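Descriptive analysis of the structure
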Amino acid sequence: MTGLNERITTGDACVLVGEFNTMNIQNRNNPFLLMAGLYLTIGFIAIVGKLAVDARLIDALPRIRWLTIHFVTIGGMTQALFGLLPALTTSASGDPGTASSRSRWMQWLLLNAGYPLILVGMATGETLIAVSGATLVLGGLLGLLLTVHRISSSGTGVQRYFRTAPWYLVVGILAAFGMLLNIHGPGGYFGSIEAHVHANVWGFLALVVAGVLLTFLPRLFETELQYLTLRRFTYWGITVGAAGLVAGPWLARHELTMLGLAIYVGGTVALLLNVIQTYRASDRGEPNRFALILGAYLWLVFPVPWAPLVLLFPDAVPGAAIELSAIDGLVFGWMLQLAMAFLPVVLVADSYQESSLFKHIPTARDTVGQPSWVQILSVNLGMVLLWTTAYPPLSSASDLLSVSGYLLIAVAWAFFLLDIWSTLTTARGIEQSASSSVSD
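Residues numbered from 1 in each chain as written. Predicted model: local features only at pLDDT ≥ 70, side-chain atom pairs only at ≥ 80, totals over all residues. Heavy atoms only, no water.

Glancing now at the overall build of the chain. Regarding its fold elements, the chain presents 15 helices and 0 strands. A total of 440 residues make up the chain; the buried ones form 55% of that total. Taking all contacts inside the chain whose residues are at least 6 apart in sequence as the whole, residues at least 24 apart take part in 80%. For the chain, the exposed surface amounts to about 18,200 Å²; the carbon and sulfur share of it is 67%. (Helix = DSSP H or I, 4+ residues; strand = E, 2+ residues; numbered from the N terminus. Buried < 20%, exposed > 50% of the residue type's maximum accessible area, 1.4 Å probe, protein only. Contact = heavy atoms within 4.5 Å. Areas by Shrake-Rupley, 256 points an atom, 1.4 Å probe, with all protein chains shown as cover.)

Have a look at this one:
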């Protein structure tokens, strides 16, 4: 409190008011983050349930695989990004913008009223319930878009990643409406599915993750980003490439899909060059977290060589099995590993209630500690086994390989949940301490 008094006496009241406003934003973010932890916990229970079904210990559960995937995507990742995107945007710009308390709570209510309806609709096959839920989520998303554009100073630099990303989620939700209402483009139902997945994962999540990596890693590794000029190439590569990956399947134009994929790979390679060289320029004190990042991007790019074969020679390769394995890779290999690498650190950094979330990354990193090698090896070995189920000579053992793969992922997930809930407890203590200091 002494430092605050000193700043008031020197006439820096405007900055102080900005800091108080930012504290209010981040206090209101906590409900999103708590819901992310809750849904990741439910997702873990769901994957244990899937294992029990596969082992024939319990009767089949309706659509358990797709529910588990959506517990990670909408339930975990989207909740966390709804809560953190305003803070990420202001941290990237250095401009402590403010967000309306009423609008942030309305976004939380719409998201958390709509998402359970989507789950119920998926589990029961009731289209009206699912459409109602998707409508509420879309309303919350539009509110988030307004918040991000209002508090950001410009659409340049890394900020553009965070400003563009939610628009892909809008497209993904609209594709979901098409699936629910049986309204499709020339690509039909499966074209809508691919457009939905590509918009949500390769567009929305990938842009946010790229923006986080480019601003987060230099602070995490306490060094400089090595290739500043590649940031623009990464942005346009992912943005334009994802557009092709969404439009191509929906329009049933394979050439557009392939062009989008080629551009997307170029943007991703530029991102990985920055990630790897930035880590090499550091003291390399975070090998576990770096291994999670590399493992995540392995499973993002692993399906790329198979995509032309599935599109152009569908009868020559097991296309359905490859697509299932690719979705598992995106959700459990890519998303879950990135969440393991970053979410605990970001949760603690966000709890300091100051204008720049990234300022506290080194302190948060030391508070959280490194992920376990057991969980790193477990999740990646699990993904290897899930991908082998798509290999025709091993089709007779696919059930055993699938169960073993999901079991290993469940082990890594259990470690992650321990990290998440211990981190949320730590973050809550920091937040209460900061609030007490202000009240004093």
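On to the packing of helix 9 (residues 254-281) against helix 10 (residues 287-301), then. Between helix 9 and helix 10, whose axes approach to 12 Å, the crossing angle comes to 165°. If you check the angle between helix 9 and helix 10, you find them roughly antiparallel. Here helix 9 and helix 10 pass one another in a crossing that is left-handed. Residues Thr268, Leu271, Leu272, Val275, Ile276 and Tyr279 of helix 9 lie in contact with helix 10, whose contacting residues are Pro287, Phe290, Ile293, Leu294, Tyr297, Leu300 and Val301. Taken together, the residues of the contact of helix 9 with helix 10 break down into 12 nonpolar, 1 polar and no charged. (Axes fitted to C-alpha atoms, helices over the stretch in contact; angles between N-to-C directions. Parallel < 35°, antiparallel > 145°, perpendicular 65-115°, else oblique. Left-handed = near helix turned anticlockwise from the far one by under 90°. Nonpolar A, V, L, I, M, F, W, Y, C, P; charged D, E, K, R; others polar.)

Where nonpolar side chains cluster on the molecular surface, the patch consists of Leu298, Phe302, Trp306, Leu309, Leu312 and Phe313 and spans about 530 Å² of accessible area. Looking at which element gives the most residues to the nonpolar patch, the answer is helix 11 (residues 306-312), with 3 residues. If you trace the backbone, Phe313 turns up in the loop between helix 11 and helix 12 (319-350). (Patch = residues over 30% accessible without salt bridge, like charges linked within 9 Å, V, L, I, M, F, W, Y side chains within 5 Å. Salt bridge = Lys/Arg side-chain N within 4 Å of Asp/Glu carboxyl O.)

Our next topic: helix 8 (residues 230-251). Relative to the 32 Å expected for 22 residues at 1.5 Å per residue, helix 8 spans 31 Å between its end C-alpha atoms, a close match to the ideal helical length. What helix 8 keeps buried is the set Thr234, Tyr235, Gly237, Ile238, Thr239, Gly241, Ala242, Gly244, Leu245, Val246, Gly248 and Pro249. Contacts made by the buried residues of helix 8 are with helix 6 (159-181), helix 7 (188-220) and helix 9. (Expected span 1.5 Å × (residues − 1).)

So, on to the packing of helix 12 against helix 14 (residues 373-388). Axis separation between helix 12 and helix 14 bottoms out at 9 Å; the angle between their running directions is 170°. The angle between helix 12 and helix 14 places the two elements in the roughly antiparallel class. Of helix 14, the residues touching helix 12 (which contributes Ile322, Ser325, Ala326, Asp328, Gly329, Phe332, Gly333, Gln337 and Met340) are Gln375, Val379, Asn380, Met383, Leu386 and Trp387. Considering only residue class, the contact of helix 12 with helix 14 consists of 8 nonpolar, 6 polar and 1 charged.

On to the packing of aromatic side chains, then. What the rule picks out here adds up to 17 aromatic pairs. Judged by centre distance (6.4 Å) and plane angle (20°), the rings of Tyr39 and Phe71 are stacked. A residue pair is termed long-range when its members are at least 10 positions apart, and Tyr39 in helix 2 (residues 13-54) and Phe71 in helix 3 (residues 64-93) qualify at 32 residues. With centroids separated by 6.5 Å and ring planes inclined at 75°, the aromatic side chains of Phe221 and Phe290 adopt a geometry described as edge-to-face. Placement of the pair is Phe221 in the loop between helix 7 and helix 8 and Phe290 in helix 10, with a sequence separation of 69 residues. Phe221 gets classed as buried once you look at its relative accessible area, which sits at 4%. According to the relative accessible area criterion, Phe290 is buried, its value standing at 10%. Put simply, the rings of Tyr39, Phe71 and Tyr115 pair up and form one aromatic cluster. Seen from the ring of Tyr235, Arg160 lies directly overhead, with NZ or CZ sitting 5.0 Å from the centre. (Phe/Tyr/Trp six-rings, centres within 6.5 Å; stacked < 30°, edge-to-face > 60°. Lys NZ or Arg CZ within 6 Å of the ring centre and 35° of its normal.)

Along the chain, Gln79 falls in helix 3. For the pair Gln79 and Asn112, spaced 33 residues apart in sequence, the C-alpha separation works out to 8.8 Å. Excluding anything up to four places from it in sequence, Gln79 contacts Phe32, Met35, Ala36, Tyr39, Ile74, Leu111 and Asn112.

Applying the stated criterion across every chain yields a total of 5 salt bridges. Here Asp54 makes a salt bridge to Lys50, at a shortest N to O gap of 2.8 Å. Here Asp54 pairs with Lys50, and both are found in helix 2, just 4 residues apart, close to one helical turn. Ionic contacts of the salt-bridge type, sharing partners, join the residues Glu222, Arg365 and Asp366 into one network.

Nothing here speaks to function; it is geometry throughout.
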